[in-house]
Amino acid sequence: MKNNPVRAEREERAVEVQGSQLNNMNHKQDYPNILIYLLAFTSGFCIMGIELLGGRILAPFFGSSVHIWGSIITVFMLSLSLGYLLGGKLSMRSASLATYGLIFLIAAITLLPIALFSQWLMEAVFLTIEDSRYGSLLASMALFFIPTVILGMLSPYSVRLLVKNSNESGQVAGKLYFISTLGSALGTIVTSFYLILWFDINIIIFSFSGVLASLGLLAIFIYKSQQLPKMEPSHV
């Protein structure tokens, strides 16, 4: 049976098109991964920035002694631990970039009460509880517990989105926590060395909220743009 040259040419073109499509898919898969690392870096930056701002918010009412910082650090550690637990459980339910972006949006919203109601809350706690140790602990819980829990959910969820093969899970998790911790270190330096000196505390918090919301919307947009080709009818 003789080979049909027209058919052979068509098959060759089909192979080329398929290879091109695979390359495009690989490039498209790289974009969300880069975005996830960027978002993990930003979340680490914001967590440490907010923690440092907590000391400045509580200082006018409770002072800045070691037990004040002990209260702040305790609240952040408890919040992050709970966030890691919840984020890990949530990631097992068909994790997607859209849900990841939604977590960022929720985190951005929960930061707003820190700027809007911190003064009123600090005064109420200060007048109610005389002991600055327990007053600072309660105030820290009221202001920072929920947003820090939400931000803590991002790390395990990021790992779930990035890991495609169980054999590379350790390497991916190590790289992610390296980037996230690097963001925390940079957030500590930038916030304490520059932002606090240049801007009002509320402006910094609003800026953190705006950045988190923008990145969350970007993640959702990329997810939606990836779903559009899948919804288009395929032509044979």
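Placed above this text is the structure.
All values derive from a computational prediction rather than experimental measurement.

Visitor: Help me out: how do you make sense of the packing of helix α2 (residues 66-91) against helix α5 (residues 154-162) in this one?
Guide: Helices that pack against each other are described as a pair by the angle of their axes relative to one another and the distance between those axes. Interaxial distance between α2 and α5 falls to 7 Å at its minimum, and their mutual angle equals 30 degrees. With respect to their mutual orientation, α2 and α5 come out roughly parallel. α2 and α5 meet at a crossing whose hand is right-handed. Each of Gly-83, Tyr-84, Gly-87, Gly-88, Leu-90 and Ser-91 in α2 lies in contact with α5, whose residues at this interface are Ser-155, Pro-156, Tyr-157 and Arg-160. In terms of residue class, the contact of α2 with α5 is built from four nonpolar, five polar and one charged.

Visitor: Would you mind showing me how to read the packing of aromatic side chains here?
Guide: All chains considered together, the criterion is met by nine aromatic pairs. Pairing Tyr-100 with Phe-104 gives two aromatic rings, centres 5.4 Å apart and planes at 70 degrees, and the pair type is edge-to-face. Remark: Phe-104 and Tyr-100 occur in helix α3 (residues 97-128); sequence separation between them is four residues, near one turn of the helix. Considered together, Tyr-100 and Phe-104 belong to a single accessibility category, that of buried residues. Look at Tyr-100 and Tyr-157: their rings are 5.9 Å apart centre to centre, the planes differ by 10 degrees, and that puts the pair in the stacked class. Taken as a pair, Tyr-100 in helix α3 and Tyr-157 in helix α5 lie far apart in primary sequence, 57 residues in all. Classification of Tyr-100 by relative accessible area gives buried; the value is 0%. Members of the aromatic cluster, joined through ring pairs, are Phe-193, Tyr-194, Trp-198 and Phe-199.

Visitor: Is there a simple way to think about the pattern of salt bridges in this case?
Guide: When charged atoms on two side chains of opposite charge get close, those side chains can pair. For the structure on display, the rule yields one salt bridge. Put simply, Asp-131 and Arg-133 hold a salt bridge, and the shortest N to O gap is 2.7 Å. Accessibility expressed as a relative area gives 28% for Asp-131, which makes it partly exposed.

Visitor: Explanation requested: the nonpolar core in the structure shown.
Guide: The tendency in soluble globular proteins is for nonpolar side chains to be buried side by side. Ranked by size, the top nonpolar core spans 57 residues in total, and within it Ile-57, Tyr-100, Met-122, Phe-144 and Phe-208 carry the most contacts. Of all elements in the fold, only α1 (5-62), α2, α3, α4 (132-152), α5, α6 (169-198) and α7 (201-231) reach the threshold of two or more residues within this core. The contacts of Phe-144, once residues within four sequence positions are left out, are Ile-50, Gly-54, Ile-57, Leu-58, Val-75, Phe-76, Ser-79 and Ile-114.

Visitor: Help me understand the side chain of Ser-91, please; the structure alone is not making it clear to me.
Guide: Here Ser-91 lies in helix α2. Overall, the relative accessible area of 3% leaves Ser-91 in the buried class. Within the local environment of Ser-91, its side chain forms a polar contact with the backbone oxygen of Gly-88, the two atoms lying 2.7 Å apart. Other than its neighbours up to four places away in sequence, Ser-91 contacts Pro-156, Tyr-157 and Arg-160.

Visitor: Help me out: how do you make sense of α2 in this one?
Guide: For an α-helix, 3.6 residues make a turn, and residues three or four places apart therefore share a direction. Between its first and last C-alpha, α2 extends 37 Å over 26 residues, near the 38 Å set by a 1.5 Å rise per residue. Here α2 has its buried residues at Ile-68, Ser-71, Ile-72, Val-75, Phe-76, Ser-79, Leu-80, Gly-83, Gly-87 and Ser-91.

Visitor: Quick question: what am I supposed to make of the packing of α5 against α6 here?
Guide: Orientation of α5 relative to α6, taken along the N-to-C sense of each, is 135 degrees, at an axis distance of 10 Å. Here α5 lies oblique to α6, going by the angle between them. As α5 runs across α6, the sense of the crossing is right-handed. Between α5 and α6, the contacting residues are Ser-155, Pro-156, Ser-158, Val-159 and Leu-162 on the first element and Val-172, Ala-173, Leu-176, Tyr-177 and Ser-180 on the second. A class-by-class count of the residues in the contact of α5 with α6 yields seven nonpolar, three polar and no charged.

Cut-offs used in this document
- Residues numbered from 1 in each chain as written.
- Predicted model: local features only at pLDDT ≥ 70, side-chain atom pairs only at ≥ 80, totals over all residues.
- Heavy atoms only, no water.
- Axes fitted to C-alpha atoms, helices over the stretch in contact; angles between N-to-C directions.
- Helix = DSSP H or I, 4+ residues; strand = E, 2+ residues; numbered from the N terminus.
- Parallel < 35°, antiparallel > 145°, perpendicular 65-115°, else oblique.
- Left-handed = near helix turned anticlockwise from the far one by under 90°.
- Contact = heavy atoms within 4.5 Å.
- Nonpolar A, V, L, I, M, F, W, Y, C, P; charged D, E, K, R; others polar.
- Phe/Tyr/Trp six-rings, centres within 6.5 Å; stacked < 30°, edge-to-face > 60°.
- Buried < 20%, exposed > 50% of the residue type's maximum accessible area, 1.4 Å probe, protein only.
- Salt bridge = Lys/Arg side-chain N within 4 Å of Asp/Glu carboxyl O.
- Core = buried A, V, L, I, M, F, W, Y, C linked by side-chain atoms within 4.5 Å.
- Polar contact = N/O pair within 3.5 Å; in protein donor to acceptor, adjacent residues only side chain to side chain.
- Expected span 1.5 Å × (residues − 1).

By themselves these figures say nothing about function.
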